[in-house]
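Each chain, written out:
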Amino acid sequence: MSTTQETAQARTRTIMYREALNEALREEMRRDPKVFLMGEGVAQRGGSYKVTTGLLDEFGPKRVMDTPISEASFVGAGVGAAITGMRPVVEILFVDFAMLALDQIANQAAKFKFITGGKGKVPLVLRTQGGVGSGLAAQHSQSLEALFYHIPGLKLIMPSTPYDAKGLLKSAIREDDPVIFIEHKLLYMTTGEVPEEEYSIELGKADIKRRGTDVTIIAWSHMVLRALAAAEKLAEEGIEAEVFDPRSLVPLDKEMIIDSVKKTENVVIVQEAVRRGGIASDIASIIQAEAFDYLDGPIEILAGKNTPIPFNLNLEKACVPQEEDIIEAVRRMVSGT
Amino acid sequence: MAKYSKAMLAGLYKTLYTIRVFENSCIKLYRQGLIRGYFHPYLGQEAIATGVCAALEKDDYITSTHRGHGHCIAWGGDLKKMVAELLGKETGYCSGRGGSMHIADITAGNLGANGIVGGGIPLGLGAALGASIRGERRVAVTFASDGASNNGVFAESLNMAGAWNLPYILVIENNQYAVSTPIEEVTRVSDLYKRGPGYGVESVCVDGNDVLEVYQQAKEAVTLCRRGKGPVLLEAKTYRHMGHHVNDPGAYMPEETLAYYKSKDPVKIGRKYLLEMGKATEEEARDIEKAVEHEMEEAIEFAVTSPEPSLEEFLKEV
Ligand SMILES: Cc1ncc(C[n+]2csc(CCOP(=O)(O)OP(=O)(O)O)c2C)c(N)n1
Ligand SMILES: [Mg+2]
């Protein structure tokens, strides 16, 4: 159990990731009438992954809106509504389709506060989901977080558990800067505990999902689950891995990363996205700059292959880091071979 | 309506029936777990791909959609390579890399299905542009549905095609839904052909379940384009016979509406034309059906026994 959860209230419930997101939306919409949702199928269908189920019934069609397939314009409309006082939560079905709205994200939402000399606010949340599923092929499987990470002016959140999903989405909605909130299609049905009581999680605070002393495995989103599974197997061999989940990639909790590295002296970074130009490389460069003397050896990056995701399942599997890859990388590192 | 030869009607019926059998057979394979991922059946819309492609010539171009099996078949696609692709096999159209949403037959002018709604619209526009620059008499046809008509690329491409007089036919298969969202809830005027005149684009609307009506209008559109009088916006009204994809029960589709469109089944209408206008016998129609069913069985056999793509080769590529 994660450190954050240990300190949370004792009374908890077990819910699914998608239910956690639903609760966050519902609670924030009840709290603040300025919060409204729009996206393809979010109202009547309750969302393709059932995240917005029941919200139309409770909040009505003015606050839960089905859009046409007009990504550029409904994201842009989200920006426009945000700068004039609303708190829109806009859903894009797959992060792959966020590419249709890049101008609105990169040139409008991300720039507005800066170019208005800090006077303009953009309290917009763009919820989307990414990653490899099971045979969804090249245009429905991408991990594109590095694109958003690269653009100053955006916050970037990628939760791995129901607890984090709920707490971080609530904070994202209250945030005054635009937040890109990327879920993972393989996480929606996973379960975890959340407190009975209301809570939120500060953006920019990392979480240690498993404590260990021998190696720090940094992973986010679905890769956290692979890292945890790998850590359990490694424990049987006497290797204690610390599984470190930044949760928030922008802002990034550098301090907590460095603390973990100083403790374990070994680092493996696991990212589902393709290796080239990825966030893992950037995190590695931060660690080298700030904790080089503590490292036992080179940082290892496990990442997706530099290729579009193939349809065939065997090929697909070979494109993203698997549990066995993590185990092998840690073994190599700890044994020093 | 003009009169068509028996051979022509038999050809149209064969295509309609092939699409029907292909989709039904592959849905079975899907349910058996042999096909993974997204599968958007073309059931109910067969007359549109069939009628439009029959009006085209071999060196024309088409672009397709996520609901693309029908376009590929009507374009003369090889069922073996199609099933193999759905099964992710090395012998498939895209060597198992693409799957249902990406089947393409580039050398034959089928520029591919597309996982991005509206993604094919500018691609078709560009194919028409290239043909026009090279001074060829080729035409490019983009298939898209009502959902795609609300994406920016629809307006931008229609405008450019008009401004540049391109030999471009934009076919909107208005099946009245984008997943579960009815077209009339996301646009004021759900007769989508009415958007063409604002761009100065010749625009027509047809019964998308009637293969001869589709063919006739497509033929006229092609003639206009070849004379340099393009583009054309062709709306074909239709309805799916099932949900958005194989795992969508389609609970939002009113029973009466579905029943109405099933009573106007494009495959049955095509058969009726063959028997009545073409004066074919019941037995001749059955012969066509048997041949198609046989071809389908062979395609499945081919695909099932085909090898998986080699992981080693793939890793060398990446
Ligand atoms: C740009 C984009 N947005 C959203 C989607 C998700 N999506 C896939 S199919 C579909 C509905 C498409 O509706 P329509 O264009 O009418 O085609 P139909 O399914 O009716 O053939 C949606 C929203 C997508 N693939 N691409
Ligand atoms: Mg449609």
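Residues numbered from 1 in each chain as written. Chains lettered and ligands numbered in written order. Predicted model: local features only at pLDDT ≥ 70, side-chain atom pairs only at ≥ 80, totals over all residues. Heavy atoms only, no water.

**Student:** Please give an account of the coordination of the magnesium ion (ligand 2) that cites residues and values.
**Tutor:** All names here are of chain B. For the magnesium ion (ligand 2), the full set of protein donor atoms is Ser 145 (OG), Asp 146 (OD), Asn 175 (OD1) and Tyr 177 (O), and the range of their distances to it is 2.1 to 2.4 Å. One way to put it: the 6 donor atoms around the magnesium ion (ligand 2) meet at angles of 74 to 177 degrees, and that makes the site octahedral. Spacing between the donor residues of the magnesium ion (ligand 2) along their common chain follows S-D-x28-N-x1-Y. One exposure class covers both Ser 145 and Asp 146, and it is buried. (Donors = N, O, S within 2.8 Å, 3.2 Å for Na, K, Ca; no water. Tetrahedral: all angles 85-135°; square planar, octahedral: opposite > 155°, others 65-115°. Buried < 20%, exposed > 50% of the residue type's maximum accessible area, 1.4 Å probe, protein only.)

**Student:** Account for helix 1 (residues 6-31) of chain B, naming residues and giving values.
**Tutor:** Working note: α-helix, 3.6 residues per turn, so residues spaced by three or four point in the same direction. The end-to-end C-alpha distance of helix 1 of chain B, which contains 26 residues, comes to 37 Å, matching closely the 38 Å that a straight helix rising 1.5 Å per residue would cover. The first or second residue beyond helix 1 of chain B is B:Gly33, which carries a positive phi of 85 degrees. (Helix = DSSP H or I, 4+ residues; strand = E, 2+ residues; numbered from the N terminus. Expected span 1.5 Å × (residues − 1).)

**Student:** Run through the site of ligand 1, naming residues and quoting values.
**Tutor:** Around ligand 1, a shell composed of 21 residues is seen, among which A:Glu71, B:His66, B:Arg67, B:Gly147 and B:Asn175 lie nearest. With respect to ligand 1, its neighbouring residues span chains A and B. A distance of 2.8 Å separates an oxygen atom of ligand 1 from a polar atom in the side chain of B:His66. B:Gly115 places a main-chain nitrogen or oxygen 2.8 Å from a nitrogen atom of ligand 1. Burial of ligand 1 by the surrounding chains reaches 96%, relative to a free accessible area of 580 Å². Class assignment for the residues of the shell around ligand 1 results in 10 nonpolar, 7 polar and 4 charged. (Near = heavy atom within 4 Å. Polar contact = N/O pair within 3.5 Å; in protein donor to acceptor, adjacent residues only side chain to side chain. Areas by Shrake-Rupley, 256 points an atom, 1.4 Å probe, with all protein chains shown as cover. Nonpolar A, V, L, I, M, F, W, Y, C, P; charged D, E, K, R; others polar.)

**Student:** Can you explain the side chain of A:Ser260? Please cite residues and give values.
**Tutor:** All names here are of chain A. Mapped onto the elements of the fold, Ser 260 is located in helix 9 (residues 254-264). Overall, Ser 260 belongs to the buried group, its relative accessible area being 3%. Once you skip the residues sitting within four places of it in the chain, Ser 260 turns out to touch Thr 216, Glu 242 and Phe 244. (Contact = heavy atoms within 4.5 Å.)

**Student:** Please set out the domain arrangement of chain A residue by residue, giving values where relevant.
**Tutor:** Residue and element names in this part refer to chain A. The domain architecture assigned to chain A consists of domain 1 (3-195) and domain 2 (207-335). Computed over C-alpha atoms, the centres of domain 1 and domain 2 are 25 Å apart. Contacts between the two partners involve 29 residues from domain 1, matched on the other side by 29 residues from domain 2. Carbon and sulfur atoms make up 59% of the surface buried where domain 1 meets domain 2, a total of about 2400 Å² over both sides. (Domains from an automatic or database assignment. Buried area = accessible area lost by both parts, 1.4 Å probe.)

**Student:** I'd like a rundown of the sheet that holds strand 3 (residues 168-174) of chain B, residues and numbers included.
**Tutor:** Backbone-to-backbone hydrogen bonds pair the strands of a sheet. The strands run either parallel or antiparallel. All names here are of chain B. The 5 strands are arranged 1-2-3-7-6 in an open sheet whose pairing can be described as parallel. Single-partner strands in this sheet number two, and they are strand 1 (61-63) and strand 6 (202-207). Each strand of the sheet is rotated relative to its neighbour by a mean of 20 degrees, with strand direction disregarded. Here strand 2 (residues 140-145) pairs with strand 3 via 6 bridges, running parallel. Considered in strand 3, the bridge of Ala 140 is made with Tyr 168. In the packing of helix 2 (residues 46-54) onto the sheet, the strands contacted are strand 2, strand 3 and strand 7 (232-237), and the crossing angle to strand 2 comes to about 170 degrees. (Pairing = 2+ DSSP bridges. Axes fitted to C-alpha atoms, helices over the stretch in contact; angles between N-to-C directions.)

**Student:** Talk me through the pattern of salt bridges; I want residue IDs and the actual numbers.
**Tutor:** Residues and elements named next belong to chain A. For the structure on display, the rule yields 53 salt bridges over all chains. For the salt bridge of Lys 166 with Glu 23, the shortest nitrogen-to-oxygen distance reads 2.8 Å. Linking Lys 166 in helix 7 (residues 162-174) with Glu 23 in helix 2 (residues 17-31), this pair joins segments that are 143 residues apart in sequence. A relative accessible area of 1% means that Lys 166 is categorised as buried. Asp 207 is paired through a salt bridge with Lys 209; the nearest N and O atoms lie 2.7 Å apart. Note on accessibility: Asp 207 and Lys 209 belong to one class, buried. Among the charged side chains, a network of salt bridges with common partners joins Arg 13, Glu 23, Glu 27, Glu 28, Arg 31, Lys 166, Lys 170, Arg 174, Glu 196 and Glu 198. (Salt bridge = Lys/Arg side-chain N within 4 Å of Asp/Glu carboxyl O.)

**Student:** I'd like a description of the nonpolar core, backed by residues and values.
**Tutor:** Side chains that are nonpolar tend, in soluble globular proteins, to be buried together. B:Phe22, B:Val52, B:Val83, B:Val141 and B:Ile169 are the most contacted members of the largest nonpolar core, which has 69 residues in total. Considering every element that reaches this core, the biggest residue donor is helix 1 of chain B, with 12 residues. Once you skip the residues sitting within four places of it in the chain, B:Val141 turns out to touch B:Val52, B:Leu56, B:Tyr61, B:Ile62, B:Thr63, B:Ile169 and B:Val171. Counting 57 residues, the second-largest nonpolar core is a separate cluster that includes A:Val79, A:Ala98, A:Leu124 and A:Ile182. (Core = buried A, V, L, I, M, F, W, Y, C linked by side-chain atoms within 4.5 Å.)

**Student:** Any chance you could break down the pairing of strand 6 of chain B for me, citing the residues and the numbers?
**Tutor:** Residues and elements named next belong to chain B. Bridge analysis of strand 6 against strand 7 gives 6 bridges, and the strand direction is parallel. If you follow Glu 202 over to strand 7, its bridge partner there is Val 232. A crossover connection joins strand 6 to the parallel strand 7 through helix 8 (residues 211-226); in handedness this β-α-β unit is right-handed. (Right-handed = clockwise from strand over helix to strand, strands pointing away.)

**Student:** Lay out the interface of chain B and chain A with the relevant residues and their values.
**Tutor:** Opposite the 33 residues of chain B that make contact, chain A presents 31 residues. Note on chain B versus chain A: buried area summed over both sides is about 2500 Å², and carbon and sulfur give 63% of it. Viewed at the interface, chain A and chain B are joined by 0 salt bridges. There are 13 residue pairs in polar contact (both at pLDDT 80 or more) connecting chain B and chain A. Those elements that provide at least two residues to the side of chain B that touches chain A are helix 4 (79-86), helix 7 (183-186) and helix 12 (311-317) of chain B.

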